[in-house]
Amino acid sequence: MTLTPSIWTITLAAIRPQTLPAAAAPVAVGAALAMAHGAKDFMVTIAALLGALFIQIFANLYNDVADFRRGADTEERLGPDRVTQKGWMSERQVLWACALSIFLALLMGAYLTQVGGLPILAVGVVSLVFAYLYTGGPAPLAYTGLGDIFVLIFFGEVAVCGTYYLITGDVQPAAYLAGLVVGLPTTAILVVNNLRDEHTDARVGKRTLVVRFGAGFGRLEYALCLLGAQAAVGFGLWLEIFPLGAAIALIGLPLAIRRIVQVRALQGASLNPLLGQTARHGLIVSVLLSVGVLL
């Protein structure tokens, strides 16, 4: 029987609560920082945002089908529904959607390469390759405990610095520090996911850092991610590479403490709401930093 997925089903497969914040936050911060340094390009900013979004969608889609193939997504899954696991889309349909998202990402990449040259082409290709390697290949990053580093590097440093470079033609220390402000809360989203799935991941050999070192380590990692983002803002102010207005991003500190208290009190499926809350927390801090550097 051929499945005919609805628009809702396709959207559920491609876009999750953290997708838009993870794609938009680094581009917004990189563009705002570039503007604060006297450069702006709205066409580049939009293309970078769409490129990041399509790469994120590809990662979501391939993660959906790859986890199903490896037995990580079963009826015992505690997280939100996955379309391959539920049978709402066939593996073939999800893979076709993956191909479409890659095509659209490459389209954005072609334009951005014209602007930024071969370095941007290399960054784009490497980002797509690692998005595949996150759950694909013989030793997927998500199954070996390296997923956290992948998220921090690509959804923090690469995305922020790449956007800044496209607009200014250079990368300043402030962009690297801003990459931490964005990337650490995004990594915290993955930590929540890993805490929730600790036992089911262990059964299928998915050796996340939580599986390797325990839930206590995961909660500590979560706290370090959220507090580390605030520390990066403070460090940038102390070094005077962030303008004084960036101090408004420190409003995120009490919010971070609240989330840390929550993650210590929750486990299993009760952690699901914290995924979206952590994504919104990261977006709030990124927006505050973006506004702050322009003040």
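Residues numbered from 1 in each chain as written. Predicted model: local features only at pLDDT ≥ 70, side-chain atom pairs only at ≥ 80, totals over all residues. Heavy atoms only, no water.

Asker: So what's going on with the overall build of the protein? Residues and values would help.
Answerer: In terms of regular secondary structure, the protein is built from 14 helices and zero strands. Reading the protein from its N terminus to its C terminus gives the helix and strand order α-α-α-α-α-α-α-α-α-α-α-α-α-α. Once local pairs closer than 6 in sequence are excluded, the contacts in the protein between residues at least 24 apart make up 74%. Element-wise, carbon and sulfur atoms account for 70% of the exposed surface of the protein, whose accessible area totals about 13300 Å². (Helix = DSSP H or I, 4+ residues; strand = E, 2+ residues; numbered from the N terminus. Contact = heavy atoms within 4.5 Å. Areas by Shrake-Rupley, 256 points an atom, 1.4 Å probe, with all protein chains shown as cover.)

Asker: Explain empty space enclosed by the protein to me, using residue names and the numbers behind them.
Answerer: Scanning the model with the defined rule gives one cavity of 30 Å³ or more in all. By volume, the largest cavity is sized at about 80 Å³. Lining the largest cavity are 14 residues, with P21, T186, A279, G282 and L283 sitting closest to its centre. Secondary-structure elements contributing two or more residues to the lining of the largest cavity are α2 (19-36), α9 (173-196) and α14 (272-294). A per-class count over the lining of the largest cavity returns nine nonpolar, five polar and no charged. (1 Å grid on protein atoms, 1.4 Å probe; cavity = no way out; pocket = protein on both sides within 12 Å on 5 of 7 lines; lining within 4 Å. Points joined across faces, edges and corners; volume = space filled by probe spheres on them. Nonpolar A, V, L, I, M, F, W, Y, C, P; charged D, E, K, R; others polar.)

Asker: Could you give me a rundown of the pattern of salt bridges, with the residues and numbers involved?
Answerer: Summed over the entire model, instances satisfying the criterion amount to one salt bridge. Across the salt bridge formed by D197 and R196, the nearest N and O atoms sit 2.7 Å from each other. (Salt bridge = Lys/Arg side-chain N within 4 Å of Asp/Glu carboxyl O.)

Asker: Explain helix α8 (residues 147-168) to me, using residue names and the numbers behind them.
Answerer: Here α8 is 22 residues long and its end C-alpha atoms lie 30 Å apart, about the 32 Å a rise of 1.5 Å per residue gives. The axis of α8 is deflected most strongly, by about 30°, at V158. Summarising burial for α8: 16 of the 22 residues are buried, a large majority. At the C-terminal side of α8, G169 shows a positive phi close to 80°. (Expected span 1.5 Å × (residues − 1). Bend = angle between axes of the 7 residues up to and from the residue. Buried < 20%, exposed > 50% of the residue type's maximum accessible area, 1.4 Å probe, protein only.)

Asker: Residue-level account of a nonpolar patch on the surface, with values.
Answerer: Residues L118, L121, V125 and V129 make up a contiguous nonpolar surface patch of roughly 350 Å² in combined accessible area. Within the secondary structure, V125 sits in helix α6 (residues 118-133). (Patch = residues over 30% accessible without salt bridge, like charges linked within 9 Å, V, L, I, M, F, W, Y side chains within 5 Å.)

Asker: Just give me the short version of the side chain of Q277, but keep the residues and values in it.
Answerer: Residue position: Q277 is located in helix α14. With residues near it in sequence (within four places) discarded, Q277 still touches R259 and Q262.

Asker: Run through the layout of surface pockets, naming residues and quoting values.
Answerer: Over the atoms rolls a probe the size of a water molecule, and its path tells where empty space is left. Estimated volume of the second largest pocket: approximately 500 Å³. If you go around the second largest pocket, you meet 31 residues; those closest to its centre are A52, I55, V123, G124 and S127. Put simply, the parts of the chain that give the lining of the second largest pocket at least two residues each are α2, α3 (42-69), α5 (91-116), α6 and α8. Looking at the lining of the second largest pocket, its residues break down into 24 nonpolar, seven polar and no charged.

Asker: I'd like a description of helix α12 (residues 215-238), backed by residues and values.
Answerer: Counted at 1.5 Å a residue, the expected span for α12 with its 24 residues is 34 Å, and the 34 Å between its end C-alpha atoms agrees. With its phi angle positive at about 65°, E240 sits one or two positions after the end of α12.

Asker: If you had to explain the packing of aromatic side chains to someone new, which residues and values would you point to?
Answerer: Within this structure, the stated rule accounts for eight aromatic pairs. For the pair Y62 and Y132, a centre-to-centre distance of 5.2 Å together with 55° between the ring planes defines the contact as tilted. Highlighted residues: Y62 in helix α3 and Y132 in helix α6, separated in sequence by 70 residues. Each ring, one from Y134 and one from F150, has its centre 5.4 Å from the other, and the planes form 35°; the classification is tilted. Residue Y134 is found in the loop between α6 and α7 (141-144), and its partner F150 is found in helix α8; the two are separated by 16 residues along the sequence. F150 carries the same exposure label as Y134, and that label is buried. Aromatic rings pair up to connect F130, Y134, F150, F154 and F155 into one cluster. The ring of Y143 has K206 sitting right over it, with the charged end atom 5.2 Å from the ring centre. (Phe/Tyr/Trp six-rings, centres within 6.5 Å; stacked < 30°, edge-to-face > 60°. Lys NZ or Arg CZ within 6 Å of the ring centre and 35° of its normal.)

That's the geometry; what it means functionally is another story.
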